[in-house]
Amino acid sequence: LLTVKALKALQQADVILHDRLVSDEILQLAGPSASLQDVGKEGFGPQVTQQEICDRMIALAKSGLRVLRLKAGDPAIFARLDEELTACDQAGVGCYVIPGITSASAAVASIGQSLTQRGRNASVRFLTGHDMKGFADHDWAALARAGEVAAIYMGKKSARFIQGRLIMHGADRITPVTIVENASRPNQRVLETTLDKLPDDLADAEFNGPALTLFGLAPRASLAALTDLKLEHA
């Protein structure tokens, strides 16, 4: 999913510093003379350091090139936007932010649900499954209440930890949980489960791509049937 403003930036940039999760289909929209440079990170895997990314971004901009720092989803959600903006400010490099479409919006749309619903939840939490110190801690007691909804980023490796914390704080074991892998892409996969079965079902699914965990939501039955029909005719 891509905004028109982001498309124009892709077509106008001289250099594109892109993350690992940016798809080939998006990169093919770049201008014919653009230099594509992969500066991606992989959780618990190979990484280009944040300092290296900032240094390269600034050096290229100061050389007179139009630089696009391209991230998957929205740069303002768990994407180190502040660190890169601060680096530009300190270096005296002008920049602006183009909002993206976060995977929580893409994932919830794919299962025919809403992140908020009148009479159910008046707020939604965007959580990370892990941070720089390891598995991330949150207000589990609040999230464990009936009707709460959360979009959990980077939650595959922390699924059992999340399950344990929520059950410990009184969450119903049959609370629906949906995991969407590669949200909005042609190879998207959806796993419907419950809090009780979350770690085991996720392990059985063998998801290898980026996945967004929707706590408190199950796929709408009519949309699931439509998705199955599309797969049969693909």
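Residues numbered from 1 in each chain as written. Predicted model: local features only at pLDDT ≥ 70, side-chain atom pairs only at ≥ 80, totals over all residues. Heavy atoms only, no water.

(A) View of the sheet that holds strand β7 (residues 150-153). Spatially, the 5 strands line up as an open sheet ordered β4-β7-β10-β8-β9, and their pairing is mixed. Only two strands of the sheet have a single partner each, and these edge strands are β4 (125-128) and β9 (189-194). Geometrically, the sheet is characterised by an average inter-axis angle of 20° between neighbouring strands, direction not taken into account. Helix α8 (residues 198-205) contacts β8 (176-181) and β9 of the sheet and is inclined by roughly 155° relative to β9. (Pairing = 2+ DSSP bridges. Helix = DSSP H or I, 4+ residues; strand = E, 2+ residues; numbered from the N terminus. Axes fitted to C-alpha atoms, helices over the stretch in contact; angles between N-to-C directions. Contact = heavy atoms within 4.5 Å.)

(B) How the structure looks around a nonpolar patch on the surface. Together, Phe 78, Phe 126 and Met 154 give the surface a local cluster of nonpolar side chains, amounting to about 250 Å² of exposed area. Overall, Phe 126 belongs to the partly exposed group, its relative accessible area being 32%. (Patch = residues over 30% accessible without salt bridge, like charges linked within 9 Å, V, L, I, M, F, W, Y side chains within 5 Å. Areas by Shrake-Rupley, 256 points an atom, 1.4 Å probe, with all protein chains shown as cover. Salt bridge = Lys/Arg side-chain N within 4 Å of Asp/Glu carboxyl O. Buried < 20%, exposed > 50% of the residue type's maximum accessible area, 1.4 Å probe, protein only.)

(C) Spotlight on the pairing of strand β1 (residues 15-18). Burial along β1 is two-sided: the face carrying Val 15 and Leu 17 and the face carrying Ile 16 and His 18 are both buried. By the bridge criterion, 4 bridges tie β1 to strand β2 (residues 35-38) in an arrangement that is parallel. Opposite Ile 16, over in β2, you have Leu 36 as the bridge partner. As judged from the 4 bridges shared by β1 and strand β3 (residues 67-70), these two strands associate in the parallel manner. Bridge pairing in β3 places His 18 opposite Leu 70.

(D) Representation of the environment of Arg 66 within the structure. Assignment of secondary structure puts Arg 66 in the loop between α3 (50-62) and β3. Along the primary structure Arg 66 and His 138 are separated by 72 residues, whereas in three dimensions their C-alpha atoms are 39 Å apart. Discounting residues that sit within four places of it in the chain, Arg 66 has contacts with Gln 12, Ala 13, Asp 14 and Val 15.

(E) Highlighting the packing of aromatic side chains. Overall, the coordinates contain 3 aromatic pairs when judged by the stated rule. Where Phe 126 meets Tyr 153, the ring centres are 6.0 Å apart and the plane angle is 55°; that geometry is what we call tilted. Remark: Tyr 153 occurs in strand β7 and Phe 126 occurs in strand β4; sequence separation between them is 27 residues. Of the aromatic side chains, those joined through ring pairs into one cluster are Phe 78, Phe 126 and Tyr 153. (Phe/Tyr/Trp six-rings, centres within 6.5 Å; stacked < 30°, edge-to-face > 60°.)

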